[in-house]
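Chains, contacts and geometry: an overview
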Amino acid sequence: MVGEEGETQTHRRLSEAGAGVTDSLLKWVGGLAEWIEGDTAYLSIAFTWLLNDARDRANWYKALGYKVRAGGPATFRPKGYLE
């Protein structure tokens, strides 16, 4: 799990990179990060055991009309699993 210090450092890196991510958009929950930029929701999945949760979140964002992009170490998976 990423603690507050890790979250702060992540925000700083994203801000410095010009990603335009604000505190209200980036949320880490036990290895799953998610944020929205424009009409796209982004998911970053750290652990393979979170793939089912990530797929559910992706489907939820799609139902709300967002495009969804997923990445992170856990996404080295069989093609089509999160689609």
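Residues numbered from 1 in each chain as written. Predicted model: local features only at pLDDT ≥ 70, side-chain atom pairs only at ≥ 80, totals over all residues. Heavy atoms only, no water.

**A look at the overall build of the chain**
Worth spelling out the cut-off: Here a strand is any run of E in DSSP of at least two residues, a helix any run of H or I of at least four, and the numbering for each starts at the N terminus. Type-normalised accessible area, obtained with a 1.4 Å probe on protein chains alone, sets the label of each residue: buried when under 20%, exposed when over 50%, and partly exposed for intermediate values. In what follows, residue pairs with any heavy atoms lying within 4.5 Å of each other are defined as contacts.
When its secondary structure is counted, the chain shows 2 helices and 4 strands. Helices and strands in the chain line up, N terminus first, as α-β-β-β-α-β. Residue burial in the chain is summarised as follows: out of 83 residues, 27% are buried. Long-range contacts, defined here as pairs at least 24 residues apart, represent 42% of the contacts in the chain between residues at least 6 apart.

**Let's talk about the pairing of strand β4 (residues 67-71)**
Short version of the rule: Here, strands pair whenever DSSP counts at least two bridges between them. Handedness rule for crossovers: strands pointing away from the viewer, path from the first strand over the helix to the second running clockwise, crossover right-handed.
Relative to β4, strand β3 (residues 40-45) runs parallel, the two sharing 5 bridges. The partner of Ser44 across the bridge, within β4, is Gly71. Crossover handedness for the path β3 to helix α2 (residues 51-63) to β4: right-handed.

**Observations concerning the pattern of salt bridges**
Rule in force here: Between Lys or Arg on one side and Asp or Glu on the other, a salt bridge is scored when a side-chain nitrogen of the former is within 4 Å of a carboxyl oxygen of the latter.
In this structure the tally under the stated criterion is 2 salt bridges. Glu34 is the partner of Arg57 in a salt bridge, and the nearest nitrogen-oxygen pair spans 2.5 Å. Of this pair, Arg57 sits in helix α2 while Glu34 sits in strand β2 (residues 32-37), placing them 23 residues apart in sequence. Overall, the relative accessible area of 28% leaves Arg57 in the partly exposed class.

**Things to note about the nonpolar core**
Soluble globular proteins tend to pack their nonpolar side chains together in the buried interior. Filter applied, for reference: To qualify as a nonpolar core, a set must consist of buried Ala, Val, Leu, Ile, Met, Phe, Trp, Tyr and Cys residues joined through side-chain atoms within 4.5 Å.
Formed by Leu32, Ala41, Leu43, Ile45, Leu50, Leu51, Ala54, Ala58, Tyr61 and Ala74, the largest nonpolar core amounts to 10 residues. Sorting the residues of this core by element identifies β3 and α2 as the ones contributing at least two each. Take this core: its biggest share by element is 4 residues, from α2. Among all residues touching Ala74, those that are not within four sequence positions of it are Ile45, Ala46, Phe47, Thr48 and Leu51.

**Digging into the pairing of β3**
Of all the 6 residues making up β3, 5 are buried; the element is thus mostly covered by neighbouring parts of the structure. Relative to β3, β2 is paired through 6 bridges, and the arrangement is antiparallel. Bridge pairing in β3 links Trp35 to Tyr42. Counted between consecutive antiparallel strands, the loop separating β2 from β3 contains 2 residues, among which Gly38 sits at a positive phi close to 65°.

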